[in-house]
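Here is how the chains run, residue by residue.
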Amino acid sequence: MLLPCRHLLHVLSFALLTGSSMSVQIEVDARQPRSLPAIQLLGAAQAVSPLRECLNRNLDNWDVKQSILDNLTVLLGVEFPAKATSKKEEFHVACGICYAYRLDDAAPTEVCADDRCKQPFHHLCLYEWLRTLPTSRVSFNVIFGTCPYCEQPITVKMAG
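What counts and what doesn't
- Position numbers for residues count from 1 along each chain, tracking the sequence in the order it is written.
- This being a predicted model, a pLDDT of at least 70 is required before a residue's local features are given, and a value of 80 or more before pairs of side-chain atoms are given or counted; all residues contribute to the totals for chains, interfaces and linings.
- The side-chain quantities take in all heavy atoms of the structure and omit both hydrogens and water.
- The helix count covers DSSP runs of H or I at least four residues long, the strand count covers runs of E at least two residues long, and both are numbered beginning at the N terminus.
- Accessibility here uses a 1.4 Å probe with only protein chains present; expressed as a share of the type maximum, an area under 20% marks a residue as buried, one over 50% as exposed, and anything in between as partly exposed.
- Multiplying 1.5 Å by the helix residue count minus one yields the expected span of that helix.
- Working note: the arc is built from the helix axis to C-beta atom directions.
- The contact criterion used throughout is that any non-hydrogen atoms of two residues lie within 4.5 Å.
- At least two DSSP bridges between two strands are required for those strands to pair.

Q: For the environment of Leu130, give the residues involved together with the corresponding values.
A: By secondary structure assignment, the location of Leu130 is in helix α3 (residues 123–132). The exposure class of Leu130 is buried, given its relative accessible area of 0%. Each C-alpha atom, one on Leu130 and one on Thr155, is 8.4 Å from the other, the two residues being 25 residues apart in sequence.

Have a look at this one:
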């Protein structure tokens, strides 16, 4: 499923949802739409790490004659859910704290690592949430606390 993110003068940004706890954000240069876009993998570390490794191994396989989606399928080794066969409700893309998808033009990028939860959060929302909890602690610019949904450990880098 493809969600538009933002449109700048020569850059198109999209989020491709790969599942309920992970997405791929791409920024395409509108002047060279078939060239390798900027790719950012968003989601829980244990879900994103294998995709990041696969992406790094396969970057040389980008083929300008193929579509972006076909190239991403090869680079990441995943099949993206099709909009025609997927319902938007299957993808929990709203932030679990503010309940919005967009916050200051940012999509949720932090995800609870617990397999039973996988709730997404905006970085800023999670940062502010953890900052207010008396049980949270800070070490080396990382706030350690608990997920607002499942109470399992969760961390976020401090803003700024």
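Q: Requested: an account of helix α1 (residues 45–58), with residues and values cited.
A: Its 14 residues give α1 an end-to-end C-alpha distance of 20 Å, which sits within 8% of 20 Å, the value for a rise of 1.5 Å per residue. Three or more residues of α1 are buried, namely Ala47, Val48, Leu51, Cys54, Leu55 and Asn58. Seen along its axis, α1 keeps its buried residues to an arc of 125°; they face one direction. Away from the buried face of α1 by more than 90 degrees, exposed residues Ala45, Asn56 and Arg57 are located. Where α1 is buried, its residues touch β3 (22–29), β4 (38–43) and α2 (68–76).

Q: Which residues make up the pairing of strand β8 (residues 142–146), and what are the values?
A: As paired elements, strand β7 (residues 137–139) and β8 share three bridges and run antiparallel to each other. Bridging across to β8, Arg137 finds its partner in Phe144. Here β7 folds back onto β8, and the loop between the two strands holds two residues, one of which, Phe140, carries a positive phi near 50°. Following β8, the chain reverses through six residues before pairing antiparallel with strand β9 (residues 153–157); Glu151 in that reversal takes a positive phi of roughly 65°.

Any link to function would need more than the numbers given here.
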